[in-house]
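Coordinate inspection notes
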Amino acid sequence: MAGIFSRLFGHPATAEPRWVGVDALRERLAGDAPPLVLDVREPDEFEGSLGHIDGARNIPLQLLDTHYATLVKDPRPIVCVCLTDKRSAAAAAQLANAGFRDVAVLRGGMKAWREG
């Protein structure tokens, strides 16, 4: 399925994620056009001690490819989040390879979010 959306939309896929800092994400979330925050941790982590960003959608990384059809219907930019930023970087690369164009990674993940 990788590359299907890039072919549909006529844009080359790229596996290079963009990065966004905590302050920049907070500003974007408070703005008129907030991004979709996609938390790729497991459900127990999402509901765990670090919690999650308000309004975030939880789709564990290993299930991400099964949700492309619903994600493509949401026109907002996507910011991927996990505990640090390893899984979210992998998720952003996977989304980019599938043709999603406006994808970023929260640098430092939920650990940085809670510290910031």
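As a convention, each chain's residues are numbered from 1 in the sequence order in which they are written. Totals for whole chains, interfaces and linings use every residue, but because this is a predicted model, local features are given only for residues with pLDDT of at least 70 and side-chain atom pairs only at 80 or more, for both listing and counting. Values shown for side chains rest on all heavy atoms present in the structure; no hydrogens or waters enter the calculation.

Remarks on the side chain of S88
Which entries qualify depends on this criterion: Numbering of helices and strands runs from the N terminus, with a helix taken as a DSSP run of H or I at least four residues long and a strand as a DSSP run of E at least two residues long. With a 1.4 Å probe rolled over the protein chains alone, any residue whose accessible area is under 20% of its type maximum counts as buried; one over 50% counts as exposed, and the rest are partly exposed. Any pair of nitrogen or oxygen atoms within 3.5 Å is treated as a polar contact; in protein, a donor-acceptor pairing is required on top of that, and neighbouring residues in sequence qualify only through side-chain atoms on both sides. Here, residues are in contact when the closest pair of their heavy atoms is within 4.5 Å.
Here S88 shows up in helix α5 (residues 86-97). On the basis of relative accessible area, S88 is assigned to the buried category, the value being 0%. In terms of polar contacts, S88 uses its side chain to reach the backbone carbonyl oxygen of D85, at 3.3 Å. In this view, S88 contacts V40, C80, V81, C82 and V105; residues no more than four positions away in its chain are not counted.

A few points about the pattern of salt bridges
Applicable threshold: The working definition used for a salt bridge is a side-chain nitrogen of Lys or Arg within 4 Å of a carboxyl oxygen of Asp or Glu.
The final tally for this structure, using the stated rule, is five salt bridges. In this structure, D39 and R41 form a salt bridge, with 2.7 Å as the shortest nitrogen-oxygen distance. Here D39 falls in the buried class, since its relative accessible area comes to 1%. Judged by its relative accessible area of 1%, R41 falls in the buried class. Its salt-bridge partner being K86, residue D85 comes within 3.6 Å of it at the nearest N-O pair. The class of D85 is buried, set by a relative accessible area of 13%.

Section: the packing of aromatic side chains
Filter applied, for reference: Ring geometry is summarised as follows: Phe, Tyr and Trp rings, the Trp one being its six-membered ring, pair when their centres sit within 6.5 Å, and such pairs are stacked at plane angles under 30 degrees, edge-to-face over 60 and tilted between the two.
Per the counting criterion, the structure on display carries one aromatic pair. A centroid spacing of 5.8 Å and a plane angle of 55° characterise the contact between Y68 and F100, whose relative ring orientation is tilted. With Y68 in helix α4 (residues 68-71) and F100 in the loop between α5 and β5 (103-106), this pair connects stretches of sequence that are 32 residues apart. As far as the burial class goes, Y68 and F100 line up, both buried.

What to know about the nonpolar core
For clarity, the threshold we go by: Note on terminology: a nonpolar core comprises buried Ala, Val, Leu, Ile, Met, Phe, Trp, Tyr and Cys residues joined through side-chain atoms within 4.5 Å.
L38, L64, L71, I78, C80, L95 and F100 are the most contacted members of the largest nonpolar core, which has 19 residues in total. Taken together, the elements giving at least two residues each to this core come down to β2 (36-39), α4, β4 (78-81), α5 and β5. It is α5 that contributes the most residues to this core, four residues altogether. Excluding residues that lie within four positions of it along the chain, I78 makes contacts with L36, L38, L95, F100, D102, V103 and A104. V37, A56, M110 and A112 belong to the second largest nonpolar core, which has 14 residues in total.

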